[in-house]
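A closer look at the structure
Next come the chains, spelled out residue by residue.
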6 protein chains.
Amino acid sequence: MAKKKLRDHDETAAEYQRGMAEIRKQLGPMADGYIRRIKALAPEFAWVNVTFPFGELYTRDVIDLKTRELCTVAALTVQGFSQPELKLHVKAALRCGASRGEVAEIITQMIAYCGFPAATNALMTMKEAFDEVDGAGKSKKPARRKHK
Amino acid sequence: MAKKKLRDHDETAAEYQRGMAEIRKQLGPMADGYIRRIKALAPEFAWVNVTFPFGELYTRDVIDLKTRELCTVAALTVQGFSQPELKLHVKAALRCGASRGEVAEIITQMIAYCGFPAATNALMTMKEAFDEVDGAGKSKKPARRKHK
Amino acid sequence: MAKKKLRDHDETAAEYQRGMAEIRKQLGPMADGYIRRIKALAPEFAWVNVTFPFGELYTRDVIDLKTRELCTVAALTVQGFSQPELKLHVKAALRCGASRGEVAEIITQMIAYCGFPAATNALMTMKEAFDEVDGAGKSKKPARRKHK
Amino acid sequence: MAKKKLRDHDETAAEYQRGMAEIRKQLGPMADGYIRRIKALAPEFAWVNVTFPFGELYTRDVIDLKTRELCTVAALTVQGFSQPELKLHVKAALRCGASRGEVAEIITQMIAYCGFPAATNALMTMKEAFDEVDGAGKSKKPARRKHK
Amino acid sequence: MAKKKLRDHDETAAEYQRGMAEIRKQLGPMADGYIRRIKALAPEFAWVNVTFPFGELYTRDVIDLKTRELCTVAALTVQGFSQPELKLHVKAALRCGASRGEVAEIITQMIAYCGFPAATNALMTMKEAFDEVDGAGKSKKPARRKHK
Amino acid sequence: MAKKKLRDHDETAAEYQRGMAEIRKQLGPMADGYIRRIKALAPEFAWVNVTFPFGELYTRDVIDLKTRELCTVAALTVQGFSQPELKLHVKAALRCGASRGEVAEIITQMIAYCGFPAATNALMTMKEAFDEVDGAGKSKKPARRKHK
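Here we summarise the structure given alongside this text. Because the structure is a prediction, the values reported are computed rather than measured.

1. Looking at the packing of helix 3 (residues 43–57) of chain A against helix 3 (residues 43–57) of chain D
At their nearest, the axes of helix 3 of chain A and helix 3 of chain D sit 12 Å apart, and the two run at 170° to each other. In terms of axis orientation, helix 3 of chain A runs roughly antiparallel to helix 3 of chain D. Here Glu44(A), Trp47(A), Val48(A), Phe52(A), Glu56(A) and Leu57(A) of helix 3 of chain A come into contact with helix 3 of chain D, specifically with Glu44(D), Trp47(D), Val48(D), Phe52(D), Glu56(D) and Leu57(D). Looking at the contact of helix 3 of chain A with helix 3 of chain D residue by residue, the classes come out as eight nonpolar, no polar and four charged.

Written out as structure tokens, the structure reads:
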């Protein structure tokens, strides 16, 4: 029967390798563990996570990575509930060349589009990300949930 | 005067009893404590919580409970902020006959409708629910707030 | 068999009558048509709509109707997508004693909690409501969907 | 240079063909035009739309298509702003074997998770979908935007 | 060059002083620390936070502070993700003359507009605020993040 | 009495003039009419709209205007309901130097953060903005509400 069912995904495939390379570039040393944890819960979710945003979208040259990351910071700020992912992308923005001031500026700009509650939450998450980057890692105020 | 004010609700009424029976069927042993805690804060909230979704909506035969619970899992996944309720309904879905794989599949499907941040949060909450069901209850990573 | 299935709801019941009285008080002459239209699509939806928010919540004396309506205007403003219902509740607020200036003030206050896009949309919907109240009903800019 | 840039996607590839077959099964005759319109605006968006949710997620056997579609109806109902996509998926649910009563029931159930504004909007969009299926297609009340 | 760049904001200016007076009235003794913490992260964010909602919006006489705060409680309840700010405003509502029963009533009313998940989260946050006011401050269930 | 009430705002003040200059730079010829329409409904809303995001946030040099506008496009895309404002900012992005391809790319990237429904709506709004810029202004498919 032709119906594709529970495909075994081939992690040696070019699209998966390209995605993993990109995710490592953005997330740094935590990348492999992040995907491994998702894969343990839902292999299909992990496959899509690697191949679609990272293997496909982020590897296109149309827009530079720093601008992409600032746009993602803006998007996650206005959503209000995406704190774990926002923390990840604040770090990714720094890794892609954004300064701390630029990240804070975009979050501040978002006040106009999402109001103070979401923007304030984002600012606090940004601080946690900065603290972790500073190795002050022993933050006593963890983000809502750590899944990195 | 005819104006209905602060009605004393009759918890022996058929609609309340039907709601409590339904909520126990879905939430299991935690059901009574859950409602009791809400009632201590806002009796009207508790009354509505028992009689409306559980006493009224969920007891209609049009759709089987398992499908209803998967739809609720889908809805809470895309909302992004409903983690405590999502955890409750992941367990309710299992109790109503859904497999773990089916729950993970619906959350994975939701990537297409809410993106990765909300879907990833839901996946992590699903894991917490599974862990609690497994008696691994001593989870060090509690959902945002426990009100069960 | 005891399982409650597709209950025929008794519209002469006190809770339904109380709800219809309340909904007429708030929505005015459009109330009956509004519920009739919903009932034609989903009788259960209509029953719940009449008995739950209107028959139950709004008839409690704890908070006066004008304050309740301003709170609902605030809530629908920040949601951003509830334009048809917001229009209804702007009119209900006026009917419950709020001035136009007070409605505009609450929407303006909401800028701080939802940002300009949602607040601006609400302001435009408020204008449509005012225009309709003024009998300028031939508004060329209908809300997203009319279901009153 | 190895950097993957603006890839030319191969629409004869198995994943694209599988996605188009699935999208036609769900959306019916409007499928090809829908994708063509998106492709004219953003070829990458169209490629991802075909290969990711349709070519990848929906073709897995874990959950039957009817249940998947009801879950999508639930998700789009609570989002509140996804009316054009909800209309599409109401029709897809019918095409996959759901009855009109089942679709209405899920939307009614969602009142408990998203409140009346979002659920009422969804009910009205459901009606538009039913009307279009009935060939009453000349609906004078179009959804917010038609992009089918 | 005329382009205004990184303005040094003058905290002795009337608008800033007026904003700080208002924020102290509403938030009480925690006000200064709250703003100081934000300023350490993003001075522009803090300036806007003081001068815009507090210095500008809340000091207008059109609507009394108690009603304003209940509207803000309603708005933050339906947002679902604004728990730290909701806790602040529950306390502010009490400080502006609202009773605990009135706060609970507005959150209960919101069930109709946002469903149970968001309303239940709000109810639990309300409880935390009440507990803190009661000096039971050693709450074991902290809000998602404390940034007061 | 010192209490500031309904302040008469001075539109010759530097902050207002700076805001109007900025809003004209971004929105072009439609800027004055846009603010005038808001002012007719709620003068306070208009004052805040001019002085806060435009007079204050957008005139800071930390981030160039093109990047700011792309971030705003990202934010409004994920919100899902901000179509009129998104159309405005798509045009503003072009006016600030972004290419059409860059705008489409950011909206496509957002699929990963908000899913297809919100991203597809944004893509269609982008097309309307492009059409209007092309003088094809006689678009038969207006955005949900025109308030420019």
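Still more to cover.
2. Re the interface of chain A and chain F
Counting residues at the interface gives 29 residues for chain A and 29 residues for chain F. Both sides together, the interface formed by chain A and chain F hides about 2500 Å², and carbon and sulfur atoms give 68% of it. The largest per-residue losses of area from chain A upon contact with chain F belong to Glu105(A), Gln109(A) and Tyr113(A), which jointly make up 26% of the total buried on that side. In this assembly, chain A and chain F are joined by four salt bridges. Arg68(F) serves as the salt-bridge partner of Glu105(A), at 2.8 Å between the closest nitrogen and oxygen. There are 14 residue pairs in polar contact (both at pLDDT 80 or more) connecting chain A and chain F. Looking at the side of chain A that touches chain F, the elements that each hand over two or more residues are helix 3, helix 4 (65–79) and helix 6 (100–133) of chain A. Considering every element that reaches the side of chain A that touches chain F, the biggest residue donor is helix 6 of chain A, with 11 residues. A class-by-class count of the residues in the side of chain A that touches chain F yields 18 nonpolar, seven polar and four charged.

3. Side note on a negative patch on the surface
Taken together, the side chains of Asp10(A), Glu15(A), Asp10(D) and Glu15(D) present a region of like negative charge at the surface. Asp10(D) sits in the partly exposed class, given a relative accessible area of 42%.

4. Section: the relation of the copies chain A and chain F
After a rotation of 180° and a shift along the axis of 0.0 Å, chain A superposes on chain F with an RMSD of 0.0 Å. Such values leave the two copies arranged in the relation of a two-fold axis. A symmetric contact is evident, with 100% of the interface residues of chain A recurring at the interface of chain F.

5. Details of empty space enclosed by the protein
If a probe the size of a water molecule is rolled over the atoms, the empty space left behind becomes visible. In this structure the tally under the stated criterion is 10 cavities of 30 Å³ or more. Around the largest cavity, the lining is made up of 27 residues, and of these Phe81(A), Phe81(B), Phe81(C), Phe81(E) and Phe81(F) lie nearest the centre. Taken together, the residues of the lining of the largest cavity break down into 21 nonpolar, six polar and no charged.

6. Quick notes on the nonpolar core
By size, the foremost hydrophobic cluster in this structure holds 317 residues, and its most contacted members are Val103(B), Val103(D), Val103(E) and Val103(F). Excluding residues that lie within four positions of it along the chain, Val103(F) makes contacts with Leu70(F), Val73(F), Val90(F), Ala93(F), Leu94(F), Ala98(F), Met126(F) and Phe130(F).

7. A short note on the packing of aromatic side chains
Tallying each qualifying case throughout the model produces 27 aromatic pairs over all chains. Ring geometry for Tyr16(B) against Trp47(B): centres 5.3 Å apart, planes inclined by 10°, an arrangement best described as stacked. With Tyr16(B) in helix 1 (residues 14–27) and Trp47(B) in helix 3 (residues 43–57), this residue pair connects regions lying 31 residues apart in the sequence. Through pairs of rings, three or more aromatic residues link up here, namely Phe45(A), Phe52(A), Phe116(B), Phe45(D), Phe52(D) and Phe116(F). The lysine or arginine in question, Arg100(A), covers the ring of Phe130(A), its NZ or CZ lying 4.6 Å from the ring centre.

Analysis parameters
- Residues numbered from 1 in each chain as written.
- Chains lettered and ligands numbered in written order.
- Predicted model: local features only at pLDDT ≥ 70, side-chain atom pairs only at ≥ 80, totals over all residues.
- Heavy atoms only, no water.
- Axes fitted to C-alpha atoms, helices over the stretch in contact; angles between N-to-C directions.
- Helix = DSSP H or I, 4+ residues; strand = E, 2+ residues; numbered from the N terminus.
- Parallel < 35°, antiparallel > 145°, perpendicular 65-115°, else oblique.
- Contact = heavy atoms within 4.5 Å.
- Nonpolar A, V, L, I, M, F, W, Y, C, P; charged D, E, K, R; others polar.
- Buried area = accessible area lost by both parts, 1.4 Å probe.
- Salt bridge = Lys/Arg side-chain N within 4 Å of Asp/Glu carboxyl O.
- Polar contact = N/O pair within 3.5 Å; in protein donor to acceptor, adjacent residues only side chain to side chain.
- Patch = residues over 30% accessible without salt bridge, like charges linked within 9 Å, V, L, I, M, F, W, Y side chains within 5 Å.
- Areas by Shrake-Rupley, 256 points an atom, 1.4 Å probe, with all protein chains shown as cover.
- Lys, Arg positive; Asp, Glu negative; His and termini not counted.
- Charge placed at Lys NZ, Arg CZ, Asp CG, Glu CD.
- Buried < 20%, exposed > 50% of the residue type's maximum accessible area, 1.4 Å probe, protein only.
- Least-squares fit on C-alpha atoms with pLDDT ≥ 70 in both.
- 1 Å grid on protein atoms, 1.4 Å probe; cavity = no way out; pocket = protein on both sides within 12 Å on 5 of 7 lines; lining within 4 Å.
- Points joined across faces, edges and corners; volume = space filled by probe spheres on them.
- Core = buried A, V, L, I, M, F, W, Y, C linked by side-chain atoms within 4.5 Å.
- Phe/Tyr/Trp six-rings, centres within 6.5 Å; stacked < 30°, edge-to-face > 60°.
- Lys NZ or Arg CZ within 6 Å of the ring centre and 35° of its normal.

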